[in-house]
Amino acid sequence: MDKSRDTVKNHRMSTRLFDHIDLRVRNRKAAQRFYAQILPAIGFRVDKSGERWGLFEAEGNIAVDFFGFTEEADHQPNGNRIAFWAPSREAVNKAADVVRQAGGKNIEGPELCVDYSPGYYAVFFEDPDGNKLEVCFRESATIAE
C-alpha cells in the first residue's frame, strides 16, 4: 500500500508553499522601474527596496511572500519562468496592460492555453533583462503527462 498518498491527504494544508523569489538582473535601476509597476499590480504592494535589493512584499504583518532582485553584471537569462497567480481572467488582462505600459518584452497573450490545462489563461512576457515571467489564472488542476 502506498502510504505517501495518505500522508499527503492527511497533512494539514498550508496557505503558503513559496516564501520568496530571489532574482538576478543585469541592471538594477531598470529592473526597479519595471518591477515597481508590475509587482504592485499583482499583489506585491509593499515596496521595501533599498540600495542593493529591489524588494516588494505582499501585504501582511509577518511571514509574507516577497519578490526580491539584485544586480549581477554577468547575469544571463535562461529558460526558467516565474509564473504569478491571478484570481481571474480579468486580473490577467489588467496585469497584461500594466506589463505593456511598463515596457515588458516579448509579450504573448493574454490567451487561453488549453494545452496546459482546461481554462488556463495567461500572459507571458520578459523583464528588461530577458527573465521570463507569466501571470496566469487556471480554472482546473494541472495536467502532467
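Cut-offs applied
Residues numbered from 1 in each chain as written. Predicted model: local features only at pLDDT ≥ 70, side-chain atom pairs only at ≥ 80, totals over all residues. Heavy atoms only, no water. Helix = DSSP H or I, 4+ residues; strand = E, 2+ residues; numbered from the N terminus. Contact = heavy atoms within 4.5 Å. Pairing = 2+ DSSP bridges. Axes fitted to C-alpha atoms, helices over the stretch in contact; angles between N-to-C directions. Salt bridge = Lys/Arg side-chain N within 4 Å of Asp/Glu carboxyl O. Buried < 20%, exposed > 50% of the residue type's maximum accessible area, 1.4 Å probe, protein only. Expected span 1.5 Å × (residues − 1). Bend = angle between axes of the 7 residues up to and from the residue. Polar contact = N/O pair within 3.5 Å; in protein donor to acceptor, adjacent residues only side chain to side chain.

## Some details on the environment of V98
Counting through the fold element by element, V98 comes out in helix α3 (residues 89-102). Measuring from C-alpha to C-alpha, the distance between V98 and P40 comes to 10.0 Å, with 58 residues separating the pair along the chain. Non-local contacts of V98, meaning those with residues more than four positions away in its chain, are made with Q37, I38 and A41.

## Section: the sheet that holds strand β3 (residues 53-57)
Across the sheet, four strands lie side by side as β1-β4-β3-β2; this open sheet has mixed pairing. Since the sheet does not close on itself, it has two edges, and those belong to β1 (20-25) and β2 (46-47), each with one partner.

## A few points about the sheet that holds strand β7 (residues 121-126)
One open sheet holds the four strands; their spatial order is β5-β8-β7-β6, and the pairing between them is mixed. Of all strands in the sheet, those bounded by a partner on one side alone are β5 (81-85) and β6 (105-112). Along the sheet, successive strands turn relative to each other by an average axial angle of 15 degrees, direction set aside. Relative to strand β8 (residues 132-137), β7 runs antiparallel, the two sharing six bridges.

## Some words on the pattern of salt bridges
Inspection of the entire model under this criterion finds eight salt bridges. Between R45 and E59 there is a salt bridge, and its shortest N-O distance comes to 3.9 Å. Remark: E59 occurs in the loop between β3 and β4 (66-71) and R45 occurs in the loop between α2 (28-41) and β2; sequence separation between them is 14 residues. Note that R100 is salt-bridged to D97, the shortest N-O span being 3.8 Å. Note that R100 and D97 are positioned in helix α3 at a spacing of three residues, about one turn of the helix. Residue classification places D97 among the partly exposed residues on the basis of a relative accessible area of 42%. Shared partners join several salt bridges into a network, and the residues in it are D22, R24 and E72.

## What to know about the pairing of β7
The buried fraction of β7 is high, at six of six residues. Burial along β7 is two-sided: the face carrying Y121, V123 and F125 and the face carrying A122, F124 and E126 are both buried. Bridge count between β6 and β7: four bridges; the pairing is antiparallel. What sits directly across from E111, in β7, is A122. Hairpin geometry of β7 and β8 is characterised by an intervening segment of five residues between the two adjacent antiparallel strands and by a positive phi of about 95 degrees at G130.

## Section: α2
With 14 residues, α2 should cover 20 Å at 1.5 Å per step; its first-to-last C-alpha distance of 20 Å lies within 8% of that length. The largest bend in α2 comes to about 35 degrees, at Y35. Three or more residues of α2 are buried, namely R28, A30, A31, Q32, F34, Y35, I38 and L39. In this structure N27 caps α2, since a side-chain oxygen of it lies 3.1 Å from the backbone nitrogen of K29. The positive-phi residue at the C-terminal boundary of α2 is G43, with phi of around 115 degrees.

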